[in-house]
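Take a look at the letters that make up each chain.
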Amino acid sequence: MGELPDDIFTEPEDVDPNTLANLGPLTRLAGIWEGAKGVDIAPKADGPERRAFIERVEMQPIDPQANGPQLFYGLRYSIHIVASDEPGTFHDQVGYWLWEPATGLVIQTLAIPRGQVALAGGRGKPDGAGLVVEARRGSTEFGIASQAFLEQAFRTESYTLDITFHDDGTWSYVSDTLLVVRGQGEPFLHRDRNTLTKVGEPTPNLKARLEAGG
């Protein structure tokens, strides 16, 4: 980040309450999305396993968030994935997407119910065609934290999420997680990819609804 201001307490005034109008490169993500052509490549004892999956993503605007003079607009998200070949949850994830208009910073927070969290940072692509965020193990700014079993058996070294927006309104992603798997000589690139189609519109955030009298 840039140099800290002298006043780290005073919050900005005249903040636009309408988050959907102030999401910058996150604008295209707002809404409810589904994709049925996901592919996961994960490590197994006898070698890489490739599995197809079906995904539902919900991204809803939150009220503007301030850290003193710092201001974020953002989306609260949830991801639910089922494998194409068996019932039950394959992957569950929650978090926030945040956009700082003053600096152009994009942040993704994520948590999964296997005892792992991450804070990833990046930027929108220069041509407006997507965004990329990254996190690395050991970083105190954009890092990864895991419970003991994952740290020792499937240590996550890095995480990169590359999102591309398409002209037809869909968006796709490639998620790369570099793992050090116990007993395997070389790091394993765990990759997920999918294309999402909008199936529902976002609900305006609370402050925006109150301003509109709703």
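Residues numbered from 1 in each chain as written. Predicted model: local features only at pLDDT ≥ 70, side-chain atom pairs only at ≥ 80, totals over all residues. Heavy atoms only, no water.

Describe the side chain of aspartate 40, naming the residues involved and giving the relevant values.
By secondary structure assignment, the location of aspartate 40 is in strand β1 (residues 31-42). Engagement of the side chain of aspartate 40 in a polar contact is seen with the side chain of histidine 190, the distance being 2.7 Å. (Helix = DSSP H or I, 4+ residues; strand = E, 2+ residues; numbered from the N terminus. Polar contact = N/O pair within 3.5 Å; in protein donor to acceptor, adjacent residues only side chain to side chain.)

How would you sum up the packing of aromatic side chains? Please name residues and give values.
Evaluation of the coordinates by the stated rule reveals 4 aromatic pairs. Between tryptophan 33 and tryptophan 171, the ring centres sit 5.8 Å apart and the planes meet at 75°, which makes this aromatic pair edge-to-face. Taken together, the positions of tryptophan 33 in strand β1 and tryptophan 171 in strand β10 (residues 171-181) put the pair 138 residues apart, joining distant regions of the chain. Taking the relative accessible area as the measure of exposure, tryptophan 33 reaches 2% and is therefore buried. Under the relative-accessibility criterion, tryptophan 171 is labelled buried at 4%. Each ring, one from phenylalanine 149 and one from phenylalanine 154, has its centre 6.2 Å from the other, and the planes form 55°; the classification is tilted. Counting every residue linked through ring pairs, the aromatic cluster contains Trp33, Trp171 and Tyr173. (Phe/Tyr/Trp six-rings, centres within 6.5 Å; stacked < 30°, edge-to-face > 60°. Buried < 20%, exposed > 50% of the residue type's maximum accessible area, 1.4 Å probe, protein only.)

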